[in-house]
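Examination of the molecular architecture
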Amino acid sequence: MPELPEVETVRRGLAPAMEGAVIARLELNRPDLRFPLPENFAQAVNERRIVSLGRRAKYLLIDLEDDLTVISHLGMSGSFRIENEMLGEFHHPRSKDQKHDHVVFHLRQKEGLLRVIYNDPRRFGFMQLWKRSELDLYPAFAELGPEPTGNALDADYLAARLAGKSQPLKGALLDQTVIAGLGNIYVCEALWRSHLLPTRASGSIVTKTGKPKKEMVLLNQSIRDVIADAIAAGGSSLRDHIQTDGSLGYFQHSFSVYDREDEACRTPGCSGTVARITQAGRSTFYCPVCQE
């Protein structure tokens, strides 16, 4: 499942091609993905201008004029690619098997026409229409916590949410009501950077008066840093994920613990070896020596 940095990478790749363009035609090559496509989807977006591209957690938001938003989730194997009918620097080659091209945005820009194509072999992704002014009421967004890239996430906020909890740190950080969009890979990486055991009780890094301990301050900064680093690197490109131009990201080459079981810990001076355990059905990678 693509995590937040992968979706942000897609958003940044699509924005130059889509923002400001008019949807001349929406081509639907099947009636459904994971869920049925919106009723009268093509008619609803026809001739509407794309105002901006946004993101909430792991969801891509295509904001249209007249208070309408296309909410898109990539699922397990969804990806977008750009095909330009104009020759020039914005041309990108095909990156996926055409038989899995399910939704095609035919766009009209000042420079000419282009296509933005959604491809999804497993069809676990989906698209829905929602009013932009009522996005907070969208069921998947109603209880989401703050973004790990925004100013609302800080050590005081985390202390307030985790105080008194015996839940393991990893489980607490994967709770989308605590932090939106933070997934398995980057929780493992952030806990390693902050030298905290994933099995440690969440409330153990909060004082009795509810204030963040120094470990909490470091954890908060580690979360923000690992997400920023992954976005800068273009996401992780694990399994099916690719960028909108068909190229792979490369943050996976910077993983310090994730998927590195039995390898030497990368903390300077640490003699530990990366271990793997299972928590809530997911693999957790950590160093049992320098994470406490």
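Residues numbered from 1 in each chain as written. Predicted model: local features only at pLDDT ≥ 70, side-chain atom pairs only at ≥ 80, totals over all residues. Heavy atoms only, no water.

Turning next to the overall build of the protein chain. Per the secondary structure count, the protein chain includes six helices and 10 strands. Look at the contacts in the protein chain between residues 6 or more apart in sequence, and 65% of them connect residues 24 or more apart. Carbon together with sulfur atoms contributes 49% to the accessible area of the protein chain, which is approximately 13,400 Å² in total. (Helix = DSSP H or I, 4+ residues; strand = E, 2+ residues; numbered from the N terminus. Contact = heavy atoms within 4.5 Å. Areas by Shrake-Rupley, 256 points an atom, 1.4 Å probe, with all protein chains shown as cover.)

This part is about the pattern of salt bridges. Scanning the model with the defined rule gives 16 salt bridges in all. Here Arg48 makes a salt bridge to Asp66, at a shortest N to O gap of 3.1 Å. In this pair, Arg48 is assigned in the loop between helix H2 (41–45) and strand S2 (50–56) and Asp66 in the loop between strand S3 (59–64) and strand S4 (68–73), connecting sequence segments 18 residues apart. Judged by relative accessible area, Asp66 falls into the exposed class, the value being 61%. Salt bridges sharing partners connect three or more residues here, namely Glu8, Arg11, Arg12, Arg55, Arg56 and Glu147. (Salt bridge = Lys/Arg side-chain N within 4 Å of Asp/Glu carboxyl O. Buried < 20%, exposed > 50% of the residue type's maximum accessible area, 1.4 Å probe, protein only.)

Summing up the model confidence of the protein chain, the mean pLDDT is 89 and the portion of residues at 70 or higher is 89%. Across residues 237–242 the pLDDT falls below 50, and counting only partners more than four positions away or on other chains, this stretch makes 21 contacts in the model. (pLDDT = per-residue confidence, 0-100.)

Quick look at the packing of helix H1 (residues 4–18) against helix H6 (residues 214–233) now. For any two helices packed against each other, the geometry is given by the interaxial angle and the distance between the axes. In the contact formed by H1 and H6, the axes pass within 9 Å of each other and the chain directions differ by 40°. If you check the angle between H1 and H6, you find them oblique. Judged by the sense of rotation from one axis to the other, the crossing of H1 with H6 is right-handed. Judged by residue contacts, Leu4, Pro5, Glu8, Thr9 and Arg12 of H1 engage Ile227, Ala230 and Ile231 from H6. (Axes fitted to C-alpha atoms, helices over the stretch in contact; angles between N-to-C directions. Parallel < 35°, antiparallel > 145°, perpendicular 65-115°, else oblique. Left-handed = near helix turned anticlockwise from the far one by under 90°.)

It is worth spelling out the environment of Glu83 at this point. Position of Glu83 among the secondary structure elements: in strand S5 (residues 79–84). Only 3.2 Å separates the side chain of Glu83 from the side chain of Arg81, close enough to count as a polar contact. (Polar contact = N/O pair within 3.5 Å; in protein donor to acceptor, adjacent residues only side chain to side chain.)

Quick look at the side chain of Glu8 now. Relative to the helices and strands, Glu8 resides in helix H1. Apart from residues no more than four positions distant in its own chain, Glu8 is found in contact with Arg55 and Ile231.

The next thing to look at is the pairing of strand S10 (residues 282–286). Sheet analysis places strand S9 (residues 275–279) next to S10, joined by five bridges and oriented antiparallel. Pairing of Gln279 across the sheet is with Arg282, part of S10. (Pairing = 2+ DSSP bridges.)

So, on to the sheet that holds strand S7 (residues 112–119). Overall, antiparallel pairing links the four strands, which are arranged S1-S6-S7-S5 in an open sheet. For this open sheet the edge positions go to strand S1 (22–28) and S5, each flanked by a neighbour on one side alone. With strand direction ignored, the average angle separating the axes of adjacent strands in the sheet is 20°. Across six bridges, S5 lies against S7 in antiparallel orientation. Note that in S7 the partner of Ile82 across the bridge is Val116. In this fold H1 packs onto S5, strand S6 (101–109) and S7, with an angle of close to 40° to the strand it touches most, S6.

Membership of the largest hydrophobic core comes to 40 residues, with the highest contact counts inside it found for Leu158, Leu173, Ile179, Leu182, Met216, Leu219 and Ile223. Among the elements of the structure, helix H3 (155–162), helix H4 (169–174), helix H5 (184–193) and H6 are those that each provide at least two residues to this core. Residues within four places of Leu219 in sequence aside, it is in contact with Leu169, Leu173, Ala190, Leu191, Ser194, Leu196 and Ile205. Ranked by size, the runner-up nonpolar core spans 30 residues in total, among them Val7, Leu68, Val103 and Leu129. (Core = buried A, V, L, I, M, F, W, Y, C linked by side-chain atoms within 4.5 Å.)

Take the pairing of S5 next. Note on strand geometry: in a regular strand, side chains alternate between the two faces of the sheet. With six of six residues buried, S5 lies mostly within the body of the structure. Residues of S5 alternate between two faces, with Ser79, Arg81 and Glu83 on one and Phe80, Ile82 and Asn84 on the opposite face, all of them buried.

A word on the environment of Gly20. By secondary structure assignment, the location of Gly20 is in the loop between H1 and S1. Assessed through its relative accessible area of 29%, Gly20 is described here as partly exposed. Sequence separation between Gly20 and Val51 is 31 residues, and the spatial gap between their C-alpha atoms is 5.7 Å. Setting aside its immediate chain neighbours within four residues, Gly20 contacts Arg49, Ile50 and Gln109.

The four strands are arranged S2-S3-S4-S8 in an open sheet whose pairing can be described as antiparallel. With partners counted over all chains shown, the strands left at the sheet margins are S2 and strand S8 (126–131), one partner each. Averaged over all pairs of adjacent strands, the angle between their axes in this sheet comes to 25°, without regard to strand direction. Seen against the sheet, H1 touches S2 and S3 and runs at an angle of roughly 175° to S2.

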